[in-house]
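# Summary of structural features
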Amino acid sequence: MAYAYLFKYIIIGDTGVGKSCLLLQFTDKRFQPVHDLTIGVEFGARMITIDGKQIKLQIWDTAGQEAFRSITRSYYRGAAGALLVYDITRRDTFNHLTTWLEDARQHSNSNMVIMLIGNKSDLESRREVKKEEGEAFAREHGLVFMETSAKTAANVEEAFINTAKEIYEKIQEGVFDINNEANGIKIGPQHSNAGAGGAGGAGAGGAPPGGCC
Amino acid sequence: MAFLEWRRFTFFDVHRNIDNGKIAECLQDTNVTVATSGNNHVVLCDVTGWAHLISRSWEITSFKAYDLTVSLAQQLPHDPYLVTIGENEAGVTPLIKVWDWSRVDRHGNPQCVRTSRAVPSHMYPTQATALAVHDNKNLLAVGFQDGSVTLYRGDIARQRSGKMKTLPDTGSSPITGLAFKGADKLFVVSRACVMVCWTSSERCTVLDAMGAAPACSVLADGHRLTVATTDAIYCYTTEGRGPCYALEGEKLRLNWFRSYLVITTNETSNKASSSTNTPKSHHITILDIQNKFIVFSKSFEEIDAVLTEWGSFYILTKNKEMIYLEEKDLQSKLSLLFKKNLYDVAIRIASSQHYDAEGLTEIYKQYGDHLYNKGDLKCAIDQYVKTIGWLETSYVIRKYLESRHLEPLIQYLEELHKKGFATEDHTTLLLTCYVKIDQHDHQGKLKEFINSKDKVIDFDVDVAIKVVRQVSVDDALSLAANHKRHDWYLRMVIEDKKEFKQALDYIAELEFDDADMYMKKYGHKLIQHEPEESTNLLKLLCTDYKPRSCPLADESSLTGRFREPDRSFPDDYVHMFLSNSERLIDFLEHMIATDTNCSSLVYNALIEHYIHVWAKSPEAEKKTYEQKVLTVLKDPDADYDKDQTLIICQMLGFKTGILHLYEEKKLWRSQVALHLRDGQAELALSVCRRRGAACPRLWLDVLWAPPPPACLPELLRVVDSEKLLSPILVIDCLASTPTYTLGDVRKYLMDVLKSEDEVITREQELASKYKSEIEKMKAQIQTIQNEAVIFQSSRCAACNRPLEMPTVHFLCQHSFHQDCFQTYSESERECPSCVSSAPPPRAPPAGAELLHSRLLADHDPFAVVSEYFGRGLFNKVTVVTEPPEPSPTAPVPTPAPAPAPAPAVAAQSYGPGAEAKLRLQEGQSKQVFVSNTAKQVAPKGTSVIPVPEGRMRLMEQQQYSSSLEANMTKLEPQIHTKKSPFASPSVVRKKEPKISSTITNDNRNPFDENYDESKNPFADETKNDPTNPFGDDEDYDKNLNPFS
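Residues numbered from 1 in each chain as written. Chains lettered and ligands numbered in written order. Predicted model: local features only at pLDDT ≥ 70, side-chain atom pairs only at ≥ 80, totals over all residues. Heavy atoms only, no water.

Looking at an unreviewed UniProt entry, one finds chain B named Vacuolar protein sorting-associated protein 11 homolog, with Vanessa tameamea as its source organism.

What counts, and what does not: UniProt positions are given in the numbering used here, feature names are shortened, and annotations may be inferred rather than shown by experiment.
Chain A is annotated in an unreviewed UniProt entry as Ras-related protein Rab-2A from Vanessa tameamea. We quote the UniProt Sequence similarities (unreviewed entry) comment for chain A here in full: "Belongs to the small GTPase superfamily. Rab family."

Now the structure itself:
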């Protein structure tokens, strides 16, 4: 399917905060109450439309466990957006945010849009982290904040789409160098031919199919 | 093992020593360097340069491939080609050989179809470390120790046929893996990085800066490169890095089979620290990447090769033992999973293996049952929902039919509806559930359901309405409105809510056709309850209807196209107003005002109801309605049924209308009768005066009424002057009413008598005059017979010149020159002058023929026959013996009037001149009549006939009688005939001037051949009067003509 831009996302956060469920809800619109632990990194994609443009979101769902940290770190590079997820029913996941943020900032490009997500908002009765706290943290670190529920799908779409909008705006402002793939943004096939003239070298499929000799 | 949370199963059975030690026997003391498989064979190559081709039945074909050793080999999957790289001599001289083992050379070995040096001449010799052959046999890639990759194009089976290229930018670390992805991409894995090369452009892109050990990369699924490193297994696409699976441990080998990734790890290195002296052992792990399971995990002794051929895995251990891993069939896999209650996994596996829908349904059902039994009703229903379409719905519904399980049940039913499997009962059940739930916690589910406009749930609306109606009419209404079930809506509004106004408003919103239909259906009730509004709506419907919601000027009117307005026929609605005449009148008046082409029904109904209202309304208002009725009645466009209207008028006594209609239909007699019944003789008379001229019988009607004495004089005067009734009958009639006095009729009687008197006098005069004429004629005859005739005329009657001899003289005193006579005359016997004045009559047709022709021509033959009878033609003649008269009389059958007056003519024979007409027809020739009255003596031969006076009188009588007969059939004309004093007509017989007094007409049947035509009164009446004694006749002797 033709797209105008491809954004790479990464979802990070402590284990069990619901990263894979967020992804599953966003890509498949379903919720799996029992989910196996993510081993390594998983992967999902979905097409969205912003400003009339088709944008493909390629989302990397990382394992939250400390054991895989080394593997997941290698995936930070080349992400245009990150969803930093914590569990509102577990304060420790909120406390670890700083580490995650540092990790992300360190291994990714500085322009990466990071959105703070307080997941499991459906479990209001077991809430340990107030919404205000989340908001405060986000304000402090310059993040966008949102509380979601992968189970009820509340705000899930918004979380991903708002992030995409932010990235899109940054592109429009010229903050991102869209020709540098390390930024996690790729121009769609029809775009690269029409617009960015010199972008062919990026290797997005410039080679015509070579026939067999 | 670092595979943490993935579920583990054992889907493979281990069969050891499957080859019965054949391979061990064959290989004995060498070591396998490379193993490959394809095209139903397994190929093992050993360090001594031998290649062993093993078939499925473990037959081994061995041949010496290289002198020294075989380092790399690849068997093509679908062709009997084996590509090997090995060395024939010491040093670094790798040789590529392609074997076609379908052919054998003279030594019985597979034929080597190609041998070429692997290292191109421009490169330093180096060890070949990786080999990839594309399935299309046209691409071959070799990786080398120094990091270079050469690509050969062209048919691999032909010696030096293709081109060779060395790919640039492939780094300098040893190449450990090569894999073609399609024909244009080549994955290159070296110790240091993972790359993808485009074979056409020979461009390389580094995908990842991590390398892998030899054999630790494989192309999975034909498009994904899977690379195993010590910490994880990474997947790469040509675009870049994909997901990874963290798996620690030293990987020895990766294999891909169907959707399974087979990983061989070195367990000894893991456990090295703990137990150094244990024998080396390798661990096989099979991953189902798609479903994320570990489907097999077992440790074996050192493994030399993992082969995927013949539908499963074979493991070749260091000890040359062939171990067969047999995959369990799906059923046993599933039962394994069911035992562990891993239904979700079972479902995943089953669907990934394309299990059929029925089988899946069974799994879903089992899962649902399991969850249900665990008490997880909501999750259970999720599973049951998936069985929709296969599983009997009642199975599920029965489980949930307790009130506390309603929500899952609703979910199930909704799904059922969405998938279109719902029946009426399901809809009913669903709605009932909604209702119950709403009663419980007021979620408004029903409302939500009803208001779901886009019909997310496909249900039978009619059933839904039926159910909802029982619970909440309002909800049912909005449901009906949402789904445009107008009929239901209206029925509910009218029957349940009795909101007639609302119903009307609703109808007014509908499209014309619907509005029309529903108005017809419910109009009666609506009019009953909301007469005013309904009438207005009906008016609209029947004139120029537009749904109320429509804009006033729609597109079509803007574009100028004329829209034929929808309109229904008022006829269809008339009956609805049954009990409401005022509304109906209002409606119909409107109809007539807007459109004059209304059907007769409309007018009829309007008039009828006008009259009804008129009948009911008080005196004061009667006048207005009367006026209205008359307006309609008099309207020339009003197409009402007069008869029906008349009946209505008569029924309700609407006299004005009756009179008007009588007038219209020319039923003046009825008019008169009506007036007379009401005792309004004066009005009756006025009708007579108006219409008496056209219909004289009106007068008689009044006379028979009987009228009040005051009217008598006028009445009698008219009767007299028009001769409508014979005086004797007038007297009869008047005498029957005792109220009249003689004084009332005196004048009439006097007048009648006087006129009779006059007639008598005149007749007597005539009689005497005729007598004298007869005398004169007799004298003339005498003269002619006995005396000489002197021809004195001096001029020729033809040329009017003085007569000259020779001349011709006639007794009629006409003289001619002989020439003239011959010129003019047609026969010698006739005087041309007299002949010209009276042309000789044609011979009448035979009487019988005449009758026949009339019978055939007349539309009512019976009438003809009866007419003949009536005239006594078939009777025996009643002979009236008269006292001898001077002129001999012959009794003849009653001279009848001309038979011409047919019934239609008779009907018209009233009024002035009717009698004259009749006489004209009877006398046939005016001349005859005139000559009679003018007392003209017939000087010439034929034209003058002395018409008997008696016949004239008779005619008069018959005129009277015919009117009377039509009226009351009291009198018979025969009576008059006989009674009449003038009834003995005298006919001059030509042939037999003197006749015996009594004759029977035995032989006078008019149809008898011998019948004397002259006596037939019907003989050719047009040309020849039968009574004309001078009429030409066969028997008539012209010589007897005294004038000839």
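### Side note on the overall build of chain A
Which entries qualify depends on this criterion: A run of H or I in DSSP counts as a helix once it spans at least four residues, and a run of E counts as a strand once it spans at least two, with each numbered from the N terminus. The buried label applies to any residue whose accessible area, calculated with a 1.4 Å probe on protein chains only, is under 20% of its type's maximum; exposed applies above 50%, and partly exposed to all values in between. Contacts were defined at the residue level, with two residues in contact if any of their heavy atoms lie within 4.5 Å. Surface accessibility follows the Shrake-Rupley procedure with a 1.4 Å probe radius. Residue values consider only the protein chains on display as shielding.
A tally of helices and strands in chain A yields 7 helices and 7 strands. Starting at the N terminus and walking to the C terminus, you meet the elements of chain A as β-α-β-β-α-β-α-α-β-α-β-α-β-α. A total of 213 residues make up chain A; the buried ones form 50% of that total. Of all intrachain contacts in chain A linking residues separated by at least 6 positions in sequence, the fraction that spans at least 24 positions is 73%. For chain A, the exposed area adds up to about 9300 Å²; of that, 48% sits on carbon and sulfur atoms.

### Details of the interface of chain B and chain A
In plain terms, the rule: Buried area, as used here, totals the accessible surface that two parts lose on assembly, with accessibility defined by a 1.4 Å probe and the loss added over both. Here a salt bridge means any side-chain nitrogen of Lys or Arg lying within 4 Å of a carboxyl oxygen belonging to Asp or Glu. In the analysis that follows, any N or O atom pair within 3.5 Å is treated as a polar contact, provided that within protein one partner can donate a hydrogen and the other can accept it, and provided that, for residues neighboring in sequence, both atoms belong to side chains. Under the scheme applied, nonpolar residues are Ala, Val, Leu, Ile, Met, Phe, Trp, Tyr, Cys and Pro; charged residues are Asp, Glu, Lys and Arg; polar residues are all the others, including Gly.
Between chain B and chain A, the contact holds 24 residues from the first and 23 residues from the second. Taken together, both faces of the contact between chain B and chain A bury some 2100 Å²; the carbon and sulfur share is 54%. Viewed at the interface, chain A and chain B are joined by 0 salt bridges. Counting across the chain B and chain A interface gives 3 residue pairs in polar contact (both at pLDDT 80 or more). At the level of elements, β21 (232–236) and β22 (241–246) of chain B are the ones that each hand at least two residues to the side of chain B that touches chain A. The leading source of residues in the side of chain B that touches chain A is β22 of chain B, at 6 residues. Of the residues belonging to the side of chain B that touches chain A, the class tally is 10 nonpolar, 4 polar and 10 charged.

### Some details on the pattern of salt bridges
Taken as a whole and judged by the stated rule, the model has 20 salt bridges over all chains. One salt bridge connects Arg-127 of chain A with Glu-124 of chain A, and the closest N-O pair in it is separated by 2.7 Å. The residue Asp-13 of chain B makes a salt bridge to Lys-328 of chain B at a minimum N-O spacing of 3.9 Å. Here the residue Asp-13 of chain B occupies a position in strand β2 (residues 12–15), and Lys-328 of chain B occupies one in the loop between β29 (322–327) and α3 (330–339), the gap between them amounting to 315 residues.

### Some points on helix α4 (residues 343–352) of chain B
Those residues of α4 of chain B that sit buried are Tyr-343, Val-345, Ala-346, Ile-347, Ile-349 and Ala-350 of chain B. Two residues or fewer after α4 of chain B comes His-354 of chain B, characterised by a positive phi angle close to 55 degrees.

### Topic: the sheet that holds strand β27 (residues 303–309) of chain B
Residue and element names in this part refer to chain B. Here is the rule: In short, DSSP must find at least two bridges between two strands for them to pair. Axis lines are fitted to C-alpha atoms, over the contacting stretch for helices. Their N-to-C directions set the angle, which ranges from 0 to 180 degrees.
Spatially, β2-β29-β28-β27 is the arrangement adopted by the 4 strands of the open sheet, whose pairing is antiparallel. The sheet is open, and its two borders are formed by β2 and β27, each paired with just one other strand. Strand-to-strand twist of the sheet, defined as the mean angle between neighbouring strand axes without regard to direction, takes the value 20 degrees. Both β2 and β29 contribute to a ladder of 4 bridges, which runs antiparallel. Its bridge partner being in β29, His-15 is matched across the sheet by Tyr-324.

### Quick word on the state of the cysteines
All names here are of chain B. Going by this rule: Only a pair of cysteine sulfur atoms within 2.5 Å qualifies as a disulfide here.
Inspection of the entire model under this criterion finds 1 disulfide over all chains. The disulfide that involves Cys-197 links it to Cys-204, with 2.2 Å between the sulfurs. Residues Cys-197 and Cys-204 are joined by a disulfide whose S-S torsion is about 85 degrees; by sign, that bridge is right-handed. Neither Cys-197 nor Cys-204 differs from the other in exposure class; each is buried. Here Cys-235 stays free of any disulfide, with the sulfur of Cys-244 as its closest cysteine sulfur at 8.2 Å.

### A look at the UniProt feature "domain: RING-type" (unreviewed entry) in chain B
The positions UniProt marks with the feature "domain: RING-type" (unreviewed entry) are residues 796–834 of chain B. Taken end to end, residues 796–834 of chain B has its terminal C-alpha atoms 14 Å apart, with 26% of it in helix and 15% in strand.

### Remarks on unusual backbone geometry
Residue and element names in this part refer to chain A. Even without a glycine there, the phi angle at Asp-51 is positive, about 55 degrees. With respect to the element layout, Asp-51 can be found in the loop between β2 (41–50) and β3 (53–62). You can call Asp-51 exposed: its relative accessible area is 58%. At Asn-155, a position not held by glycine, the phi torsion is positive, near 65 degrees. Note on placement: Asn-155 falls in the loop between β6 (144–147) and α6 (156–173). For Asn-155, a relative accessible area of 30% translates into the label partly exposed.

### Considerations on the sheet that holds strand β15 (residues 175–181) of chain B
Residue and element names in this part refer to chain B. Read from one edge to the other, the open sheet built from 4 strands follows the order β15-β16-β17-β18, with strand pairing classed as antiparallel. At either margin of the open sheet sits one strand with a lone partner, and together these are β15 and β18 (203–208). The mean inter-strand angle of the sheet, taken between neighbouring strand axes irrespective of direction, is 25 degrees. Bridge count for strand β17 (residues 194–198) against β18 is 5 bridges, and the pairing is antiparallel.

### Looking at the side chain of Ser-121 of chain A
Residues and elements named next belong to chain A. Mapped onto the elements, Ser-121 comes out in the loop between β5 (113–119) and α5 (131–141). Residue classification places Ser-121 among the buried positions, given a relative accessible area of 18%. Residues contacting Ser-121, with those up to four places away along its chain left out, are Ile-88, Glu-147, Thr-148 and Ser-149.

### Describing the packing of aromatic side chains
Residues and elements named next belong to chain B. The criterion, for reference: Working definition: rings of Phe, Tyr and Trp (its six-membered ring) pair if their centres are within 6.5 Å, and the pair is stacked with planes under 30 degrees apart, edge-to-face with planes over 60 apart, and tilted otherwise.
Tallied over the full model, the rule gives 18 aromatic pairs over all chains. With 4.8 Å between their ring centres and 70 degrees between their planes, Phe-257 and Phe-313 make a pair best called edge-to-face. Of the two residues, Phe-257 sits in strand β23 (residues 251–257) while Phe-313 sits in strand β28 (residues 312–317), which places them 56 residues apart along the sequence. With relative accessibility at 0%, the residue Phe-313 sits in the buried group. Both rings, one in Phe-296 and one in Phe-300, keep their centres 6.5 Å apart while their planes meet at 25 degrees; by these two values the pair is stacked.

### Here's the deal with the environment of Glu-147 of chain A
Residues and elements named next belong to chain A. Here Glu-147 is to be found in strand β6. Separated by 30 residues in sequence, Glu-147 and Ile-117 place their C-alpha atoms 5.5 Å apart. Setting aside its immediate chain neighbours within four residues, Glu-147 contacts Tyr-86, Ile-88, Gly-118, Ser-121, Arg-127, Val-129, Lys-130, Lys-131, Ala-154 and Asn-155. Within the local environment of Glu-147, its side chain forms a polar contact with the side chain of Arg-127, the two groups lying 2.6 Å apart.

### Considering helix α28 (residues 727–735) of chain B
Residue and element names in this part refer to chain B. Note the cut-off: Arc definition: it is the arc formed by the directions from the helix axis to the C-beta atoms.
Residues Leu-729, Val-730, Cys-733 and Leu-734 constitute the buried set of α28. The arc that holds every buried residue of α28, seen down its axis, measures 135 degrees, which confines them to one face. Exposed residues on α28 whose side chains face more than 90 degrees from its buried face are Ile-728 and Ala-735.

### Re the pairing of β3 of chain A
Residues and elements named next belong to chain A. When you tally the buried positions in β3, you get 7 out of 10 residues, the bulk of the element. Here 7 bridges tie strand β1 (residues 5–13) to β3, and the two strands are oriented parallel to one another. Paired with Leu-6 across the bridge in β3 is Lys-56. Counting the residues between successive antiparallel strands, the hairpin from β2 to β3 contains 2 residues, one of them, Asp-51, with a positive phi of roughly 55 degrees.

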